[in-house]
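# Overview (structure and organization)
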Amino acid sequence: VVPDQLRSAVSKPHRYEPELNRSYAELAEHYDTTVIPARPRKPKDKAKVEAAVLVVQRWILARLRHETFFSLAALNARIAELLVEFNLRPMQGYGGQSRRERFEMLDRPALQPLPTHRYVYAKWSKARVNRDYHVDIEGHFYSLPFQLVGEVVETRCSAATVEVYCRDRRVAAHQRSVEVGGCTTLREHMPKAHQAHADQSPSRLIERAGRVGPRTQMLITDIFDHKRHPEHGYRACVGILQLEKRYGAERLEAAAHRALLTGIRRCSQMETLLKNGLDRLGVAGLEEAEESTQIEHDNVRGAAYFAGGE
């Protein structure tokens, strides 16, 4: 196959050694096909294609310009008729042979059977391994061997699986998940210390939060309690504790108190709370504020109405 060096086929254009798109290269490998992109501004590298486009425009499209079609199926059927006729026309310079005769003589004997299974499309991308030995793929986090923390890896994501490669060697494989914000963690990817003492790192973060204040310590503990694996809460807890440098321990403690009452467990929510100064409002009026937001209207019937009451 000789394509142009378009972006969807060639990741890094080059006159002599272009780098193919990984998904396109996999497609070619699946069908035992070789892809050799044409050089930039060298149409003669694909002269057969350029000539074929011209001939098809003249012998098929030009003949259809005066005909009217009322459906795509009817148009395709007419094109198929003209294509058969076009391939049976004798060619100049080939002893009167047609394209069909040349195909039967040269191409058909060289054709191979199709693969036994269909090609499965997979999207390739690059990612850096986070400090919690997970990579973010479309909002979901997948674990890798902890030795790869900080490394840049390549991810291959299909409809059913997620594979991760480091230096062209597969280092992890997971079942694909569409849960945004969720985590898929394999125990064998954890360090020995995490496997034997899963609460060791959380205990350090909880201890650090205790130096800020008891409410902050309760919030960090609450975050870990709501995570399936403690490692999944590391970044949120570290991010919350880092807010002390910007806003101070007193404001962070007040914000943590408000977060505990409102069910906030995300670092971004805590940052918004502090940025907007909601921590300075106090917590005394939270229950009253919640009651004041209730709407009284004839169309709002309440639970009693649906329970059969008046």
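My aim in this report is to walk through the structure given alongside it, one point at a time.

Reading the values: rules and limits
- Residues numbered from 1 in each chain as written.
- Predicted model: local features only at pLDDT ≥ 70, side-chain atom pairs only at ≥ 80, totals over all residues.
- Heavy atoms only, no water.
- Phe/Tyr/Trp six-rings, centres within 6.5 Å; stacked < 30°, edge-to-face > 60°.
- Helix = DSSP H or I, 4+ residues; strand = E, 2+ residues; numbered from the N terminus.
- Buried < 20%, exposed > 50% of the residue type's maximum accessible area, 1.4 Å probe, protein only.
- Lys NZ or Arg CZ within 6 Å of the ring centre and 35° of its normal.
- Axes fitted to C-alpha atoms, helices over the stretch in contact; angles between N-to-C directions.
- Parallel < 35°, antiparallel > 145°, perpendicular 65-115°, else oblique.
- Left-handed = near helix turned anticlockwise from the far one by under 90°.
- Contact = heavy atoms within 4.5 Å.
- Nonpolar A, V, L, I, M, F, W, Y, C, P; charged D, E, K, R; others polar.
- Pairing = 2+ DSSP bridges.

The next thing to look at is the packing of aromatic side chains. Each aromatic ring pair is summarised here by two numbers: the centre-to-centre distance and the angle between the ring planes. Inspection of every chain in the model, using the stated rule, returns two aromatic pairs. Centre to centre, the rings of Trp124 and Tyr165 are 5.4 Å apart; their planes meet at 35 degrees, and the pair counts as tilted. Here Tyr165 lies in strand S7 (residues 161-166) and Trp124 lies in strand S3 (residues 122-128), a separation of 41 residues in the sequence. With respect to burial, Trp124 and Tyr165 carry one shared label: buried. Centroid distance Phe224 to Tyr234: 6.2 Å. Interplanar angle 75 degrees. Geometry classified as edge-to-face. On the criterion of sequence distance, the pair formed by Phe224 in helix H7 (residues 214-225) and Tyr234 in helix H8 (residues 234-247) is long-range, its members being 10 residues apart. Each member of the pair, Phe224 as well as Tyr234, carries the same accessibility label: buried. Positioned over the ring face of Trp124 is Arg22, at 3.8 Å from the centre of the ring.

A word on the packing of H7 against H8. Packing of H7 against H8 brings their axes to within 9 Å, and their N-to-C directions diverge by 165 degrees. Judged on the interaxial angle alone, H8 and H7 are roughly antiparallel. The crossing of H7 and H8 is right-handed. Counting all contacts with H7, which are made through Thr216, Leu219, Ile220, Ile223 and Phe224, the residues of H8 involved are Tyr234, Cys237, Ile240 and Leu241. In terms of residue class, the contact of H7 with H8 is built from eight nonpolar, one polar and no charged.

Next up on the list: the sheet that holds strand S6 (residues 152-158). Across the sheet, four strands lie side by side as S3-S6-S7-S8; this open sheet has antiparallel pairing. With one partner strand each, in any of the chains shown, S3 and strand S8 (169-175) form the two edges of the open sheet. Neighbour to neighbour, the strand axes of the sheet diverge by 25 degrees on average, direction disregarded. Taken together, the seven bridges between S3 and S6 define a ladder with antiparallel strand orientation.

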